[in-house]
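If you want the building blocks of each chain, they are given just below.
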Amino acid sequence: MQLEVQVHRPRMTERALLVPGMELEDGCTLRYAAPDFPTTYQIIELIATLGAI
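Reference entry: report on the structure contained in this document. Keep in mind that this is a model prediction, so the values were computed, not measured.

Each value, and the rule that gives it
Residues numbered from 1 in each chain as written. Predicted model: local features only at pLDDT ≥ 70, side-chain atom pairs only at ≥ 80, totals over all residues. Heavy atoms only, no water. Pairing = 2+ DSSP bridges. Helix = DSSP H or I, 4+ residues; strand = E, 2+ residues; numbered from the N terminus. Axes fitted to C-alpha atoms, helices over the stretch in contact; angles between N-to-C directions. Contact = heavy atoms within 4.5 Å. Buried < 20%, exposed > 50% of the residue type's maximum accessible area, 1.4 Å probe, protein only.

Moving on, we get to the sheet that holds strand S3 (residues 29–33). Strand order in the open sheet made by the three strands is S1-S3-S2, with antiparallel pairing throughout. Looking at strand neighbours, the two that pair on one side only are strand S1 (2–6) and strand S2 (23–26), the edges of this open sheet. Taking each pair of neighbouring strands and ignoring which way they run, the sheet shows an average axis angle of 30°. Contacting S1 and S3, helix H2 (residues 37–52) crosses the sheet at an angle of about 20° to S1.

In structure tokens:
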């Protein structure tokens with residue numbers, strides 16, 4: 001599954017890029033290739049959590 005997440009501020013991508021396989025598409029868009037839906041959901045939760053820190 002290809003996940004693409006757009007965040008509000010570029011600084012919110014910094015921590016998410018520490019996740020192996022995470023890519024920066026542009027200043028506010030992250031991309032991640034996940035093997036299945038449960039992993040995709042976990043990555044979404046992780047990005048949200050890291051963005052709130």
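After presenting the structure, the write-up continues.
So, on to the environment of Asp36. Examined against the element boundaries, Asp36 turns out to sit in the loop between S3 and H2. For Asp36, a relative accessible area of 32% puts it in the partly exposed group. Here the alpha-carbon distance between Asp36 and Leu18, two residues 18 residues apart in the chain, equals 20 Å.

Fair warning: the whole summary comes from geometry, so function is off the table for now.
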